[in-house]
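# Topology and contacts: notes
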Amino acid sequence: MNNIILIGFMGSGKTSVGRQLAKKLQYTFCDTDELIEKENKNSIRNIFAAYGEEYFRKLETAAINELYGNMTRTVLSTGGGLPITEGNDRLLRRLGHVIYLKASQETLMKRLQGDTSRPLLGGEKAEERVYNLLQQRTPIYEKTAHYSVTTDHRKFYEIIDEIIDLCNI
Ligand code: S3P
């Protein structure tokens, strides 16, 4: 159980915090979106457009299944919707310490403004969509994680130190 798994909404800082955390611990950094893009030789945006969200969710579950038993001293950053697929909570928890990076709607909207890479944020009423997704997902993030860490108005090093403390590493 020496791996650290970061979950949370788009824009919560999973990738940025994850990279720096891995560097500090001299761990490998891994990101489920990057794994999927590499294995499918296609961008998340194109996968959504060509095959739909349901197909993408299956790729996410396959990715975390494949990692089981093949991952050590790794910080794994996960796509924001990955814990929402039924059964993935259990698959994530067996990979290592699961940390939910929490951020308020206000912080998330600021960080996600002008984003064009995330298919779920495109088009009109992005703010309303973020609100609805957050309502739906927050209880699942909380239930899935071993620990929750707030990221609002905090420096990366504070967040990283808290995670290291919580995981007893
Ligand atoms: C998604 C989050 C994205 C990516 C995809 C879907 C989601 O990852 O997996 O666009 O459903 O919240 P990030 O959380 O890294 O942005």
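Right, let's walk through the structure included here. Given the structure is predicted, the values throughout are model-derived calculations rather than measurements. (Residues numbered from 1 in each chain as written. Predicted model: local features only at pLDDT ≥ 70, side-chain atom pairs only at ≥ 80, totals over all residues. Heavy atoms only, no water.)

Next up on the list: the pairing of strand β4 (residues 97–102). Most of β4 sits inside the fold, with 5 of its 6 residues counted as buried. Of the pairings in the sheet, the one linking strand β1 (residues 4–7) to β4 comprises 4 bridges and is parallel in character. Bridging from a neighbouring strand, Ile7 pairs with Tyr100 of β4. Sheet topology note: the β4/strand β5 (residues 147–150) ladder contains 4 bridges and is parallel. Bridge assignment links Lys102 to a residue of β5, and that residue is Thr150. (Buried < 20%, exposed > 50% of the residue type's maximum accessible area, 1.4 Å probe, protein only. Helix = DSSP H or I, 4+ residues; strand = E, 2+ residues; numbered from the N terminus. Pairing = 2+ DSSP bridges.)

On to helix α3 (residues 44–51), then. Taken together, the buried positions of α3 are occupied by Ile44, Ile47 and Phe48. Projected onto a plane normal to the axis of α3, the buried residues spread over an arc of 100° and lie on a single side. Exposed side chains of α3 directed beyond 90 degrees from the buried face belong to Ala49 and Ala50. Taken together, the buried residues of α3 touch α2 (32–40) and α4 (53–67). Positioned one or two residues after α3, Gly52 has a phi angle of 90°, which is positive. (Arc of directions from axis to C-beta. Contact = heavy atoms within 4.5 Å.)

This part is about α4. Given a rise of 1.5 Å per residue, 15 residues ought to cover 21 Å, and the 21 Å separating the end C-alpha atoms of α4 matches this to within 8%. Along α4, the positions that sit buried rather than exposed are Phe56, Arg57, Leu59, Glu60, Thr61, Ala63, Ile64 and Leu67. Those residues of α4 hidden inside the fold are in contact with α2, α3, β3 (74–77), α5 (88–93) and α7 (126–144). Backbone geometry just downstream of α4 places Gly69 in the positive-phi region, at approximately 85°. (Expected span 1.5 Å × (residues − 1).)

Okay, the site of the ligand next. Near the ligand you find 14 residues, and of these Lys14, Asp33, Arg57, Arg118 and Arg137 are the closest. Taking Asp33, its side chain carries an N or O atom lying 2.8 Å from an oxygen atom of the ligand. Backbone polar atom of Gly81 to an oxygen atom of the ligand: 3.3 Å apart, as the coordinates give it. Compared with its free state, where it exposes 390 Å², the ligand has 95% of that area covered by protein. Looking at the shell around the ligand, the element that brings in the most residues is α4, giving 3 residues. Among the residues forming the shell around the ligand, the class breakdown is 5 nonpolar, 3 polar and 6 charged. (Near = heavy atom within 4 Å. Polar contact = N/O pair within 3.5 Å; in protein donor to acceptor, adjacent residues only side chain to side chain. Areas by Shrake-Rupley, 256 points an atom, 1.4 Å probe, with all protein chains shown as cover. Nonpolar A, V, L, I, M, F, W, Y, C, P; charged D, E, K, R; others polar.)

Okay, the nonpolar core next. Membership of the largest hydrophobic core comes to 25 residues, with the highest contact counts inside it found for Ile5, Ile7, Phe9, Ile64, Leu76, Leu92 and Leu95. Listing elements by their share of this core, those giving two or more residues are β1, α4, α5, β4, α6 (105–112) and α7. In terms of residue count, the dominant contributor to this core is α7 (4 residues). Beyond its immediate sequence surroundings of up to four residues, Leu76 is in contact with Ile4, Ile5, Leu6, Cys30, Asp31, Thr32, Ile64, Leu67, Met71 and Leu95. Listed in part, the 17 residues of the second largest apolar core include Leu21, Phe29, Leu101 and Ile159. (Core = buried A, V, L, I, M, F, W, Y, C linked by side-chain atoms within 4.5 Å.)

To continue, consider the sheet that holds β4. Within the open sheet, the 5 strands sit side by side as β2-β3-β1-β4-β5. Their pairing is parallel. This sheet does not close on itself; its edge strands, each paired only once, are β2 (28–31) and β5. Strand-to-strand twist across the sheet, computed as the mean angle between neighbouring axes with direction ignored, equals 25°. Bridging between β2 and β3 involves 4 bridges; their strand directions are parallel. (Axes fitted to C-alpha atoms, helices over the stretch in contact; angles between N-to-C directions.)

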